[in-house]
Amino acid sequence: MQVSRSIGDVYLKRPEFNREPLNPKFRLAEPLRRPVISAEPSITTHTLQPHDRFLIFASDGLWEHLSNQEAVDIVHNHPHVGSAKRLIKAALQEAARKREMRYSDLKRIDRGVRRHFHDDIAVIVLFLDHDLISKGSRRSLLQSVRGGGVS
């Protein structure tokens, strides 16, 4: 979700700001009585185990189209390089399938218009090195990877 959403869209968070002329704009019969969105993040904790190999951080756009297990299988069964792109492509392929389209047709739609076909998708895959973690190494390997979208 965009950072600006945590600041804006107050009419979706506070009932006192959800009134005319918003009701007709969103075709609401009556004002909303409770928040629709929240600026409070959903946080889940998991204690790392020796068998944990990677973490997937992703926006809801990914999870709308892939289950946790599908995402894990994609990352686990392929080389590390390109894992985030692979997940995004799989989600976009599923979004196209749900719309009874081909992936190639979905990709040809202008990004501004494509917003009507799927939510934004952001993904980071972090691979864990348990040898470094267990040694408590302060030495870090720095690597910058330039994002380039999905082709």
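Here, the structure is the one placed above.
What you are looking at is a predicted structure, and each value in this text was computed from that prediction instead of being measured.

Colleague: I would appreciate a short explanation of the overall build of the chain in the present structure.
Modeller: If you tally the helices and strands in the chain, you get eight helices and two strands. Going from the N terminus to the C terminus, the chain shows its helices and strands as α-α-β-α-α-α-α-α-β-α. Residues classed as buried in the chain amount to 25% of the 151 residues present. When contacts within the chain are restricted to residue pairs at least 6 apart in sequence, those whose partners lie at least 24 apart make up 56%. Accessible surface, the chain: about 11900 Å² in total, of which carbon and sulfur atoms supply 53%.

Colleague: Could you clarify how one ought to interpret the pattern of salt bridges in this entry?
Modeller: It is possible for side chains bearing opposite charge to pair when their charged atoms get close. Here the structure, examined in full by the defined rule, presents one salt bridge. With its nearest N and O atoms 2.5 Å apart, the salt bridge here joins R97 to E94. In this pair, R97 and E94 both sit in helix α5 (residues 83-98), three residues apart, roughly one turn of the helix.

Colleague: What is the right way to look at the side chain of S83 in this model?
Modeller: Positionally, S83 belongs in helix α5. Setting aside its immediate chain neighbours within four residues, S83 contacts V75, V125 and F127.

Colleague: I tried to follow the environment of R53 on my own but got confused; where do I start?
Modeller: Structurally, R53 is set in the loop between α2 (22-25) and β1 (54-58). You can call R53 partly exposed: its relative accessible area is 46%. Spatially, the C-alpha atoms of R53 and D129 are 7.5 Å apart, while their sequence positions differ by 76 residues. Filtering out sequence-adjacent residues up to four positions away, R53 remains in contact with L126, F127, L128 and H130. Within the local environment of R53, its side chain forms a polar contact with the backbone oxygen of P50, the two atoms lying 3.0 Å apart.

Colleague: Honestly, the nonpolar core in this entry has me stumped. Any pointers?
Modeller: Soluble globular proteins: nonpolar side chains tend toward being buried together. Core analysis: the largest hydrophobic core is formed by 20 residues, its most contacted members being I56, L62, L66, L87, I121 and V123. Elements represented by at least two residues in this core include exactly β1, α4 (68-76), α5, α6 (103-108) and β2 (123-127). No other element matches the seven residues that α5 contributes to this core. Discounting residues that sit within four places of it in the chain, L62 has contacts with I56, L87, I88, A91, I121 and V123.

Colleague: Can you help me understand the packing of α4 against α5 in this one?
Modeller: Packed helices, taken two at a time, are described by their axes: the angle between them and the distance between them. Put simply, α4 and α5 touch, their axes get as near as 9 Å, and they point 140° apart. On the basis of the axis angle, α4 is oblique to α5. Where α4 crosses over α5, the two elements pack in a sense that is right-handed. Contacts between α4 and α5 pair A71, I74 and V75 from the former with S83, R86, L87 and A90 from the latter. Residue composition of the contact of α4 with α5, by class: five nonpolar, one polar and one charged.

Calculation notes
Residues numbered from 1 in each chain as written. Predicted model: local features only at pLDDT ≥ 70, side-chain atom pairs only at ≥ 80, totals over all residues. Heavy atoms only, no water. Helix = DSSP H or I, 4+ residues; strand = E, 2+ residues; numbered from the N terminus. Buried < 20%, exposed > 50% of the residue type's maximum accessible area, 1.4 Å probe, protein only. Contact = heavy atoms within 4.5 Å. Areas by Shrake-Rupley, 256 points an atom, 1.4 Å probe, with all protein chains shown as cover. Salt bridge = Lys/Arg side-chain N within 4 Å of Asp/Glu carboxyl O. Polar contact = N/O pair within 3.5 Å; in protein donor to acceptor, adjacent residues only side chain to side chain. Core = buried A, V, L, I, M, F, W, Y, C linked by side-chain atoms within 4.5 Å. Axes fitted to C-alpha atoms, helices over the stretch in contact; angles between N-to-C directions. Parallel < 35°, antiparallel > 145°, perpendicular 65-115°, else oblique. Left-handed = near helix turned anticlockwise from the far one by under 90°. Nonpolar A, V, L, I, M, F, W, Y, C, P; charged D, E, K, R; others polar.

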